[in-house]
Amino acid sequence: VRISGGGKTQALIRKDGRWVTDPQGFSADPKRVNEMLETLAGLHLTALVAESKNDALYELDPDHTVTVKAWQGDQLRRDIDVGKAAPSFRHTFVKIAGDDRIFHAADNFRLRFESGLDDLRDKTVLAINRQELNEIQITKDQSSVTLTRTPAPAETPPAGPPAPAPA
């Protein structure tokens, strides 16, 4: 995936099953990358907006547009220019490569691609699986407190109506 706009270019490549920034090789935030990929895969044009070539009105001019290109292997799968959100904030103005017309695309997604390279980096330092965590100890100066997870008590079935007495 290559994202260009505002005089900057950001590239993400899949390497060894994970996404990294190119050429730096920093791990990319999987959540942010998945949002981008879902947007590209689910791109749905809902209406033709303009054929007038007045790109600046939709922020699709060279100074404002965000160009997104996505490859699958060596094959270019998506090549779009992303403009501003429509007034409804439920659509985004886009142009498809090789087509001068401007379309509404479903969803407001410009910000998913507009962020800086640092925003794409995975900043996770320590990941903890909450289900595997059994104890937390907090210490400050000479004071300490320990929180321990204990299994929930087994639920007892609710008492039903009394059994009828034998006749």
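Predicted, not measured: the structure shown is a model, and the values here were computed from it.

Student: How do you make sense of the overall build of the chain when you look at a structure like this?
Tutor: A count of helices and strands for the chain gives three helices and ten strands. With respect to the principal axes defined by its C-alpha atoms, the chain has extents near 90 × 60 × 35 Å. Across the 167 residues that make up the chain, the buried fraction comes to 27%. Here the analysis covers contacts within the chain between residues at least 6 apart in sequence; of these, 47% occur between residues at least 24 apart. For the chain, the accessible surface area stands at approximately 12100 Å², while carbon and sulfur atoms represent 51% of it. Counting 22 positive and 24 negative side-chain charges, the chain places the averaged centre of each group 1 Å from the other.

Student: What is the right way to look at the confidence of the model for the chain in this model?
Tutor: One rule of thumb: low pLDDT means the predicted coordinates there are not for detailed reading. With 95% of its residues at a pLDDT of at least 70, the chain reaches an overall mean of 86. By mean pLDDT, helix H3 (residues 117-120) is the weakest element of the chain at 64, and strand S7 (residues 91-96) is the strongest at 94.

Student: What am I meant to see in unusual backbone geometry here?
Tutor: Excluding glycine, most residues fall at negative phi; most peptide bonds, likewise, are trans. Positioned with a positive phi, Phe89 is a non-glycine residue whose angle comes to about 60°. Among the secondary structure elements, Phe89 is positioned in the loop between strand S6 (75-85) and S7. For Phe89, a relative accessible area of 57% corresponds to the exposed category. A positive phi angle is found at Asp141, which is not glycine, with a value near 55°. With respect to the helices and strands, Asp141 occurs in the loop between strand S9 (135-140) and strand S10 (143-148). Classification of Asp141 as exposed rests on a relative accessible area of 69%.

Student: Would you mind going over the pairing of S7 with me for this structure?
Tutor: Along any regular strand, the residues point their side chains to alternate faces of the sheet. The element S7 is largely enclosed, with a buried count of five among its six residues. The pairing of S6 with S7 spans four bridges and is classified as antiparallel. Paired with Ile80 across the bridge in S7 is Ile96. Between S6 and the antiparallel strand that follows it, S7, lie five residues; Phe89 among them carries a positive phi value of about 60°. Hairpin geometry of S7 and strand S8 (residues 102-106) is characterised by an intervening segment of five residues between the two adjacent antiparallel strands and by a positive phi of about 85° at Gly98.

Student: Which parts of the structure should I look at to understand the sheet that holds strand S2 (residues 8-15)?
Tutor: Strand pairing in a sheet takes place through backbone hydrogen bonds and is either antiparallel or parallel in direction. Sheet architecture is open: eight strands sit in the order S3-S2-S1-S5-S6-S7-S8-S4, paired in antiparallel fashion. Both edges of this open sheet fall to strand S3 (18-22) and strand S4 (45-50), since each of them pairs with a single strand only. Here the average twist between neighbouring strands, direction ignored, is 30°. Bridge analysis of S2 against S3 gives five bridges, and the strand direction is antiparallel. By the bridge assignment for S3, Ile13 is matched with Val20. Sheet contacts for helix H1 (residues 30-41): strand S1 (2-5), S2, S3, strand S5 (66-72) and S6; angle to S6, the most-contacted strand, approximately 100°.

About the criteria used
- Residues numbered from 1 in each chain as written.
- Predicted model: local features only at pLDDT ≥ 70, side-chain atom pairs only at ≥ 80, totals over all residues.
- Heavy atoms only, no water.
- Helix = DSSP H or I, 4+ residues; strand = E, 2+ residues; numbered from the N terminus.
- Buried < 20%, exposed > 50% of the residue type's maximum accessible area, 1.4 Å probe, protein only.
- Contact = heavy atoms within 4.5 Å.
- Areas by Shrake-Rupley, 256 points an atom, 1.4 Å probe, with all protein chains shown as cover.
- Lys, Arg positive; Asp, Glu negative; His and termini not counted.
- Charge placed at Lys NZ, Arg CZ, Asp CG, Glu CD.
- pLDDT = per-residue confidence, 0-100.
- Pairing = 2+ DSSP bridges.
- Axes fitted to C-alpha atoms, helices over the stretch in contact; angles between N-to-C directions.

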